[in-house]
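What the coordinates show
Read off the chains here:
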Amino acid sequence: MATPVKVYGPPMSTAVSRVLACLLEKQVQFQLISVNMSKGEHKKPDFLKLQPFGQVPAFQDEDISLFESRAICRYISEKYAKQGNKSLFGTGPLEKASIDQWLEAEGQSFNPPSSVLVFQLAFAPRMKLKQDEGLIRQNKEKLGKILDVYERRLGESRFLAGDEFTLADLSHLPNTHYLVNDTDSGHLFNSRKNVGRWWDEISSRESWKKVVELQNSPPPPTS
Ligand SMILES: N[C@@H](CCC(=O)N[C@@H](CS)C(=O)NCC(=O)O)C(=O)O
């Protein structure tokens, strides 16, 4: 039996949960390794050998290590192409390019405003940090404009890259989950008919439900 891959970081982290969703779609065995971020473990020399920017997740598969959640997802999808969800990263050059195009749109256009809103609206209150109302307003407006493009696209096809659920859709799960469930910004998604239909469908996948269970389970004891 293959050695489980290792994912370092808490499932609450959006970038960690992206990798977990991918592993679950691909039915790849994994070991989740706790990193106590409140104690700054992600900035310690041993962790920096795995993730030189001092962020989670870090990832190991036997003797290789990788960082950047979207790159890790592409690697998992290619390496384990023959198992689990086989269409997650497409099968031909055109399908892959279309998936990559929407993965880039997620990373370059959707993530900047949505991650600011996740931090400001979901995490800052939990961390007892003051929210920046100007930043919130600005980023809600930016995200609305991006979602107008998504609304048009999702009026033409069931998923972002075509008829199948792919990495492009999966990559949107972490930020959207917090915005829809933990903030007052759910209407940005649900008020758009096609985006709302798409969100209901992608967030109902078994893989994502398991990630949410992991997020809600108590963290393992730390030393
Ligand atoms: N682009 C990176 C982002 C990683 C990232 O921002 N991780 C956050 C948690 S979601 C983190 O480690 N924050 C702590 C820090 O930056 O010190 C990826 O996708 O892996």
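The structure under discussion appears in the preceding block.
Here we summarise the structure given alongside this text. Note that the structure is a prediction, hence the values are computed from the model and not measured.

Residues separated by three or four positions in an α-helix point in the same direction, a consequence of the helix having 3.6 residues per turn. If you look at helix α4 (residues 93-126), its biggest bend is around 55 degrees, right at N111, and the proline P112 turns up within four residues after that. Positioned one or two residues after α4, K128 has a phi angle of 55 degrees, which is positive.

Our next topic: helix α10 (residues 206-216). Among all positions in α10, only S207, W208, V211, V212 and Q215 are buried. Projected down its long axis, α10 shows its buried positions confined to an angular sector of 140 degrees, all on one face. Those residues of α10 that are exposed and aimed more than 90 degrees away from the buried face are E206, E213 and N216. In the core, the buried residues of α10 are packed alongside α1 (14-25), α7 (173-182) and α9 (193-203).

Between α1 and helix α3 (residues 69-79), the shortest axis-to-axis distance is 9 Å and the interhelical angle comes to 10 degrees. Taken together, the axes of α1 and α3 lie roughly parallel to each other. Of the residues in α3, those touching α1 at A15, R18, V19, C22 and L23 are S69, R70, I72, C73, I76 and S77. The residue makeup of the contact of α1 with α3, split by class, is seven nonpolar, two polar and two charged.

Applying the stated rule across the entire model yields 15 salt bridges. Of the charged contacts in the structure, one is a salt bridge between E141 and K145, with a shortest N-O distance of 3.9 Å. Of this pair, E141 and K145 both sit in helix α5 (residues 133-156), four residues apart, roughly one helical turn. Like E141, the residue K145 is exposed in the burial classification. For E156, the salt bridge is made with R153, and the minimal N-O distance between the two is 3.2 Å. One end of the pair, E156, and the other, R153, are both in helix α5, three residues apart, so they sit about a helical turn from each other. Beyond isolated ion pairs, a larger network of salt bridges with shared partners links R18, R70 and E106.

Scoring rules and cut-offs
- Residues numbered from 1 in each chain as written.
- Predicted model: local features only at pLDDT ≥ 70, side-chain atom pairs only at ≥ 80, totals over all residues.
- Heavy atoms only, no water.
- Bend = angle between axes of the 7 residues up to and from the residue.
- Helix = DSSP H or I, 4+ residues; strand = E, 2+ residues; numbered from the N terminus.
- Buried < 20%, exposed > 50% of the residue type's maximum accessible area, 1.4 Å probe, protein only.
- Arc of directions from axis to C-beta.
- Contact = heavy atoms within 4.5 Å.
- Axes fitted to C-alpha atoms, helices over the stretch in contact; angles between N-to-C directions.
- Parallel < 35°, antiparallel > 145°, perpendicular 65-115°, else oblique.
- Nonpolar A, V, L, I, M, F, W, Y, C, P; charged D, E, K, R; others polar.
- Salt bridge = Lys/Arg side-chain N within 4 Å of Asp/Glu carboxyl O.

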